[in-house]
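Fold and contact review
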Amino acid sequence: AWCESTASTPAEREPSSSVMGQVFAALFRESPSLRYVVDTDAVPPTADPVLAELFENMEAAMKQIEGYEAKPEPIRQAINIPNDPEIALNAVKALLPNVNMIETWMDLAEKIASAVDDLTKKFQNKTLEQDVPSAAALFKIFAFVWKFDQAKMMQPGIQNDFAGYRRVVSKVPADTPGLSMDESATGIVSMWIADMMPVTLKVVSALNQALPHEAATTIAEVANCCCGMISGSRTSNTEPYFHAMICAIIIYDRLLLHGGNSVFTSRDVAIRKCLLTIRRSGGSATMQYRNSIQYSTTTFNDAPASIQALCES
């Protein structure tokens, strides 16, 4: 409840106490979505063929990026001997499998962004608990997005391979088998893969072009529900809930909302509860989770000192 002064005149009131009461009420009220139950393990496989294919491609992409093998040597040879067309051709052939893989990842990111946009629109007039299958699909996608982008950060060879390919591909015949991208296309993929969080930013871009205000409520519910599933011991498989929660926090902070936006001062996201849950239950991944929130959001430096302390301590 809001704190209201009972003084009969403005002079008798204590505005500082009233303001502080409102602040504390906003900070400590509990969102209903913290109590939602969305057990992704109990949801049957989706009957939606588009989502089913998307999930298969997500699984394949995760295996690809976790097992990614960079190809620095062909690039090095092509750079050291720049005028040898055979060496350039060998470099391109060696890099093509990785380059084609990276291109499929960008295509997948666009499909993921479209799916998130479609799924969030389903919740414009209902809560996550009222459509658990769609909520579970959203959780699964968010967990993948965060995990994939984290894996990409740990693989500098991905960006190096693509940059090396762009450097040498102009030296080989245009009709070389397997060259599916022209210079314009490689430029687009290069800019995408250069982002720290390429899939996350694809999702953010799609939501900002659609209805960010409507999506914001659902994104906040995802963060809160995942937090409640972990802190309330409603699941033993906490890892994907952590991943989806952190992804939702990052996306929410990057939505373009009127009047500015910060996940750290929002009344929609139980950010303090989320950070405390990371501290208490994050285990060996606690530091990674904290760092992800601290360095992947845009407003952390302006967050209240008490919130920053939960990330930094």
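On a predicted model such as this, the values are computed, not experimentally measured, just so you know.

Under the counting rule described, the total for this entry stands at six salt bridges. The residue Asp117 makes a salt bridge to Lys121 at a minimum N-O spacing of 3.3 Å. Here Asp117 pairs with Lys121, and both are found in helix H4 (residues 85-121), just four residues apart, close to one helical turn. You can call Asp117 buried: its relative accessible area is 14%. Residue Lys121 is classed as partly exposed on the basis of its relative accessible area, which comes to 37%. With its nearest N and O atoms 3.2 Å apart, the salt bridge here joins Asp131 to Lys126.

Moving on: a positive patch on the surface. On the surface, Arg234, Lys273, Arg279 and Arg280 cluster together into a patch of positive charge. Following the sequence through the fold, Lys273 ends up in helix H11 (residues 271-281).

So, about the state of the cysteines. Working definition: the covalent bond between the sulfur atoms of two cysteines is a disulfide. With the rule as written, the count across this model stands at zero disulfides. Free cysteine: Cys225, not disulfide-bonded; nearest cysteine sulfur from Cys226 at 5.8 Å. Accessibility expressed as a relative area gives 0% for Cys225, which makes it buried.

The subject of this paragraph is the confidence of the model for the chain. In the predicted model, the chain carries a mean pLDDT of 88, and 89% of its residues have values of at least 70. Below pLDDT 50 for its whole length, residues 1-28 participates in twelve contacts with residues either more than four positions away or in separate chains.

We now examine the packing of helix H9 (residues 212-231) against H11. The contact between H9 and H11 brings their axes to 10 Å, and the two run at 35°. Every pair of crossing elements has a handedness; the one defined by H9 and H11 is left-handed. Taking contact as the criterion, the partners of Ala223, Cys227, Ile230 and Ser231 in H9 are, on H11, Lys273, Cys274, Thr277 and Ser281. Of the residues in the contact of H9 with H11, the class split is four nonpolar, three polar and one charged.

With that settled, consider the packing of aromatic side chains. Applying the stated criterion across every chain, the model contains eight aromatic pairs. For the pair Phe144 and Phe148, a centre-to-centre distance of 5.4 Å together with 35° between the ring planes defines the contact as tilted. With a gap of four residues between them, Phe144 and Phe148 both fall in helix H5 (residues 132-153), about one helical turn apart. The buried category is assigned to Phe144, whose relative accessible area is 7%. Taken together, Tyr68, Trp105, Phe144 and Phe148 form an aromatic cluster joined through their ring pairs. Here Lys140 stacks its cationic end above the ring of Phe55, 4.4 Å away from the centre of that ring.

Parameters at a glance
Residues numbered from 1 in each chain as written. Predicted model: local features only at pLDDT ≥ 70, side-chain atom pairs only at ≥ 80, totals over all residues. Heavy atoms only, no water. Salt bridge = Lys/Arg side-chain N within 4 Å of Asp/Glu carboxyl O. Helix = DSSP H or I, 4+ residues; strand = E, 2+ residues; numbered from the N terminus. Buried < 20%, exposed > 50% of the residue type's maximum accessible area, 1.4 Å probe, protein only. Patch = residues over 30% accessible without salt bridge, like charges linked within 9 Å, V, L, I, M, F, W, Y side chains within 5 Å. Areas by Shrake-Rupley, 256 points an atom, 1.4 Å probe, with all protein chains shown as cover. Lys, Arg positive; Asp, Glu negative; His and termini not counted. Charge placed at Lys NZ, Arg CZ, Asp CG, Glu CD. Disulfide = S-S within 2.5 Å. pLDDT = per-residue confidence, 0-100. Contact = heavy atoms within 4.5 Å. Axes fitted to C-alpha atoms, helices over the stretch in contact; angles between N-to-C directions. Left-handed = near helix turned anticlockwise from the far one by under 90°. Nonpolar A, V, L, I, M, F, W, Y, C, P; charged D, E, K, R; others polar. Phe/Tyr/Trp six-rings, centres within 6.5 Å; stacked < 30°, edge-to-face > 60°. Lys NZ or Arg CZ within 6 Å of the ring centre and 35° of its normal.

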